[in-house]
Amino acid sequence: DIPVTLSAKAMQTYKEVEDDFITRLGDDVLVADNAAVAGIKCRQIANGAVYTGEDFTVIHDEKIDALKDLLDELAGKPVLVLYEFRHDQTRLSAAFPDSTTLGSGTSTKNLESIVARFNSGGIPILLGHPASMGHGLNLQGACHHVIWFGITWNLEHYDQTIARVYRQGQKAEHVFIYHLIATGTLDEKVAKVLKQKDKVQQDLLNALGARGVLG
């Protein structure tokens, strides 16, 4: 986990939505109709932007700055960066013009080309959404660093996305998984819940294995 400290102004916006379900963004007023919607808006704000109708408003760039610092540390090693919201992808593509996005709208021909280039080290930053990358992709050729810009609640999406890199054929001794966590936000809870789900799932598998249920 890489903690990301938001500015006082960004945290004020976040807390207003979390506590009161409403905040002002310039000339716009952001209203969450219920706790579920407020939770989604809070997670967007934690990443740096929030939808106001069909468009979005940028709240901060702290996560993007943290990602830049991490990429500098990795010194050009190919990375898989996972985003949660469409505006995340828009902002990431603008911040990292040498990145390539692998999304649900990618044609089969382009997908094969992107995967081949990424596995050969020709793409330094591959952006993807976990719902579009869960199965059938082999991305272990040159990459052993996976970065969650926006972490998902979905344990299956989380595990299956990592399994695109942490799989047979991976030549690196270790695969590194990074979570960019906005301190004091729902990011912390999502990461905690994921770890608890994983522990419960692993305990179940261990128990089934001990009883001889699993081969």
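Above this text is the structure in question.
Residues numbered from 1 in each chain as written. Predicted model: local features only at pLDDT ≥ 70, side-chain atom pairs only at ≥ 80, totals over all residues. Heavy atoms only, no water.

Participant: Which parts of the structure should I look at to understand the sheet that holds strand 1 (residues 2–4)?
Facilitator: As a general point, the strands of a sheet are linked pairwise by backbone hydrogen bonds and lie either parallel or antiparallel. Taken in spatial order, the six strands line up as 1-10-9-6-8-7 in an open sheet, and their pairing is parallel. Each of the sheet's edge strands pairs with one partner strand only, and the pair in question is strand 1 and strand 7 (99–102). Across the sheet, the axes of successive neighbouring strands diverge by a mean angle of 25 degrees, strand direction being ignored. Pairing analysis gives four bridges linking strand 9 (residues 145–148) to strand 10 (residues 176–182), with the strands arranged parallel. (Pairing = 2+ DSSP bridges. Helix = DSSP H or I, 4+ residues; strand = E, 2+ residues; numbered from the N terminus. Axes fitted to C-alpha atoms, helices over the stretch in contact; angles between N-to-C directions.)

Participant: Teacher, can you tell me more about the side chain of Gln44 here?
Facilitator: Tracing the chain through its elements places Gln44 in helix 2 (residues 35–47). Here Gln44 falls in the buried class, since its relative accessible area comes to 4%. Not counting chain neighbours up to four residues away, the residues in contact with Gln44 comprise Ala49, Val50, Tyr51, Phe85 and His87. (Buried < 20%, exposed > 50% of the residue type's maximum accessible area, 1.4 Å probe, protein only. Contact = heavy atoms within 4.5 Å.)

Participant: Is there a simple way to explain a negative patch on the surface in this structure?
Facilitator: Taken together, the side chains of Asp27, Asp28, Glu54 and Asp55 make up a negatively charged region of the molecular surface. Inspection of the secondary structure puts Asp27 in the loop between strand 2 (22–25) and strand 3 (28–31). A relative accessible area of 78% means that Asp27 is categorised as exposed. (Patch = residues over 30% accessible without salt bridge, like charges linked within 9 Å, V, L, I, M, F, W, Y side chains within 5 Å. Areas by Shrake-Rupley, 256 points an atom, 1.4 Å probe, with all protein chains shown as cover. Salt bridge = Lys/Arg side-chain N within 4 Å of Asp/Glu carboxyl O. Lys, Arg positive; Asp, Glu negative; His and termini not counted. Charge placed at Lys NZ, Arg CZ, Asp CG, Glu CD.)

Participant: Any chance you could explain the pattern of salt bridges here in plain terms?
Facilitator: Any two side chains of opposite charge can pair, given that their charged atoms come close. Inspection of every chain in the model, using the stated rule, returns five salt bridges. With its nearest N and O atoms 2.8 Å apart, the salt bridge here joins Lys15 to Glu18. Linking Lys15 with Glu18, this pair stays in helix 1 (residues 8–20), spanning three residues, or about one helical turn. Residue Glu84 is joined to Arg43 by a salt bridge in which the shortest nitrogen-to-oxygen separation is 3.4 Å. A residue pair is termed long-range when its members are at least 10 positions apart, and Glu84 in the loop between strand 6 (79–82) and helix 4 (86–95) and Arg43 in helix 2 qualify at 41 residues.

Participant: When you look at the environment of Ala49 in this model, what are you seeing that I'm missing?
Facilitator: Relative to the assigned elements, Ala49 resides in strand 4 (residues 49–52). Along the sequence, Ala49 and Tyr14 sit 35 residues apart, while their C-alpha atoms lie 11 Å from each other.

Participant: Looking at this structure, I do not really get the packing of helix 1 against helix 2. What am I missing?
Facilitator: Think of two packed helices as two axes; the pair is described by the angle between the axes and how far apart they sit. One can describe the packing of helix 1 onto helix 2 by two numbers: an axis separation of 9 Å at closest approach and a directional angle of 170 degrees. In terms of their interaxial angle, helix 1 and helix 2 are classed as roughly antiparallel. Residues Ala10, Thr13, Tyr14, Val17 and Glu18 of helix 1 form the contact with helix 2, whose participating residues are Ala38, Lys41, Cys42 and Ile45. Taken together, the residues of the contact of helix 1 with helix 2 sort by class into six nonpolar, one polar and two charged. (Parallel < 35°, antiparallel > 145°, perpendicular 65-115°, else oblique. Nonpolar A, V, L, I, M, F, W, Y, C, P; charged D, E, K, R; others polar.)

Participant: Looking at this structure, how should I read a nonpolar patch on the surface?
Facilitator: A surface patch of nonpolar side chains, amounting to about 230 Å² of accessible area, comprises Ile22, Val29 and Val31. With respect to the helices and strands, the residue Ile22 is situated in strand 2. Since its relative accessible area comes to 40%, Ile22 is described here as partly exposed.

Participant: For this particular structure, what's the right way to read unusual backbone geometry?
Facilitator: The phi angle of most residues is negative, glycine excepted, and most peptide bonds adopt the trans form. Although it is not a glycine, Phe21 adopts a positive phi angle of roughly 65 degrees. Examined against the element boundaries, Phe21 turns out to sit in the loop between helix 1 and strand 2. Phe21 sits in the partly exposed class, given a relative accessible area of 26%. The residue Ala75 is not glycine, and still its phi comes out positive at about 55 degrees. Topologically, Ala75 is positioned in the loop between helix 3 (62–74) and strand 6.

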